[in-house]
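This is what each chain is made of:
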Amino acid sequence: IHVAGTSGKGTICYLVDAILRAHTKRSGLLQSPHVYDIRERIQINGQLISERKFVQYLQIALQTFRAEDIPPSYSDILTAMGFIAFAKEQLDYTIVEVGFGGRLDKTNVITRKDKLAVLGQIGFDHTEALGNTLQAIAGEKAGIVQEHNRVVALQQEPEVNNRYEAALKETHASVTWVSQKTDYQQTNSAMAVQICQTLADRDGW
């Protein structure tokens, strides 16, 4: 479950994680930034990974970067650690929050055909890299959608909706639209419920 957007995506990720666990699904969560503890960024079934596992996954990531002669950034390392953690755990679903934009984000290497892409609220963020119009920013966020993905998208300004629709047509993706609610928390909740309903319908639970 790959979640992009300008605002609300962290909340959506946490809500989806909680709903999945309430339905007895084992989940992995990769999000940023953290508030109190760096291990908030990598959670397994609602729990921070242990300090021991954090160090273990950090060592694996650093060894891999060195072997490939890639000088990693801070976020490169943490993203890699999250994927390593997911690979080592027996999980039903993984929830990955986009860190920056979408198309060029470090998390946008997920090529699974069963990926569910989520396109949330768009606003003006990182305009120097993503563009200075809502349409341009929406295009960058929609860059996480790959061929034939399922998508849950939030309906909003026409220029955003139109850009989303164009990206989904290009990738032959199927989309479920969620309408805006009376406030942002209700909107986030509606997005999370629709994401989980889409998964439940697809996967038979």
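Predicted, not measured: the structure shown is a model, and the values here were computed from it.

### Comments concerning the side chain of Thr107
In step 1: Relative to the assigned elements, Thr107 resides in the loop between strand S5 (93–97) and strand S6 (116–119).
In step 2: The exposure class assigned to Thr107 is buried, which follows from its relative accessible area of 3%.
In step 3: One polar contact links Thr107 to His2, side chain to side chain, over a distance of 2.8 Å.
In step 4: Beyond its immediate chain neighbours, meaning those up to four positions away, Thr107 contacts His2, Thr79, Phe83, Val96, Glu97 and Val98.

### What about the nonpolar core?
In summary, soluble globular proteins display a tendency toward joint burial of nonpolar side chains.
In step 1: One finds Ile1, Val16, Leu20, Ile95, Met191, Ile195 and Leu199 to be the most contacted residues of the largest nonpolar core, which totals 20 residues.
In step 2: Elements with a minimum of two residues in this core: helix H1 (9–22), S5, S6, strand S7 (150–154) and helix H7 (184–203).
In step 3: Per-element accounting of this core gives the leading share, 6 residues, to H7.
In step 4: Excluding its chain neighbours within four sequence positions, the residues that come into contact with Ile1 are Val16, Leu20, Tyr93, Thr94, Ile95, Val96, Leu116, Val118, Ile195 and Leu199.
In step 5: Within the second largest apolar cluster, 18 residues are counted, among which are Ala4, Val98, Ile137 and Ala167.

### Digging into the pattern of salt bridges
In step 1: Applying the stated criterion across every chain, the model contains 8 salt bridges.
In step 2: Its salt-bridge partner being Arg26, residue Glu89 comes within 3.3 Å of it at the nearest N-O pair. Here Glu89, found in the loop between helix H3 (74–88) and S5, pairs with Arg26, found in the loop between H1 and strand S2 (27–30); they are 63 residues apart in sequence, far enough to count as distant.
In step 3: Classification of Glu89 as buried rests on a relative accessible area of 16%.
In step 4: When salt bridges that share partners are traced, they join Arg26, Lys53 and Glu89 into one network.

### A word on H3
In step 1: For H3, spanning 15 residues, the distance from its first C-alpha to its last is 22 Å, which sits close to the expected 21 Å at 1.5 Å a residue.
In step 2: The set of residues buried in H3 consists of Ile77, Leu78, Thr79, Ala80, Met81, Gly82, Ile84, Ala85 and Phe86.
In step 3: As for H3, its buried residues are in contact with S2, strand S3 (42–44), helix H2 (51–67) and S5.

### Some details on the packing of helix H5 (residues 134–141) against helix H6 (residues 158–170)
In step 1: Two elements in contact, H5 and H6, have axes separated by 8 Å at closest approach and are oriented at 35 degrees. As H5 runs across H6, the sense of the crossing is right-handed. Packed against H5, whose contacting residues are Leu134, Gln135, Ala138 and Gly139, the element H6 presents Glu159, Val160, Arg163 and Tyr164 at the interface.

### A short note on the environment of Ala80
In step 1: Within the fold, Ala80 resides in helix H3.
In step 2: The class of Ala80 is buried, set by a relative accessible area of 19%.
In step 3: Here the alpha-carbon distance between Ala80 and Thr64, two residues 16 residues apart in the chain, equals 9.5 Å.
In step 4: In contact with Ala80, not counting residues within four places along its chain, are Ala61 and Phe65.

### Topic: the sheet that holds strand S4 (residues 47–48)
In step 1: An order of S4-S3-S2-S5-S1-S6-S7-S8 is seen for the 8 strands of this open sheet, with the pairing classed as mixed. The sheet is open, and its two edges are formed by S4 and strand S8 (174–178), each paired on a single side.
In step 2: The strands that H7 touches are S5, S6, S7 and S8; relative to S7, the one it contacts most, it runs at about 165 degrees.

### Regarding the pairing of S6
In step 1: Going residue by residue along S6, you find Leu116 and Val118 tucked away on one face and Ala117 and Leu119 tucked away on the opposite face as well.
In step 2: Where strand S1 (residues 2–4) and S6 come together, 3 bridges link them in parallel fashion. Opposite Val3, over in S6, you have Val118 as the bridge partner.
In step 3: In the sheet, S6 pairs with S7 via 4 bridges, with the strands oriented parallel. Within S7, the position partnered with Leu119 by the bridge is Ala153.

About the criteria used
Residues numbered from 1 in each chain as written. Predicted model: local features only at pLDDT ≥ 70, side-chain atom pairs only at ≥ 80, totals over all residues. Heavy atoms only, no water. Helix = DSSP H or I, 4+ residues; strand = E, 2+ residues; numbered from the N terminus. Buried < 20%, exposed > 50% of the residue type's maximum accessible area, 1.4 Å probe, protein only. Polar contact = N/O pair within 3.5 Å; in protein donor to acceptor, adjacent residues only side chain to side chain. Contact = heavy atoms within 4.5 Å. Core = buried A, V, L, I, M, F, W, Y, C linked by side-chain atoms within 4.5 Å. Salt bridge = Lys/Arg side-chain N within 4 Å of Asp/Glu carboxyl O. Expected span 1.5 Å × (residues − 1). Axes fitted to C-alpha atoms, helices over the stretch in contact; angles between N-to-C directions. Left-handed = near helix turned anticlockwise from the far one by under 90°. Pairing = 2+ DSSP bridges.

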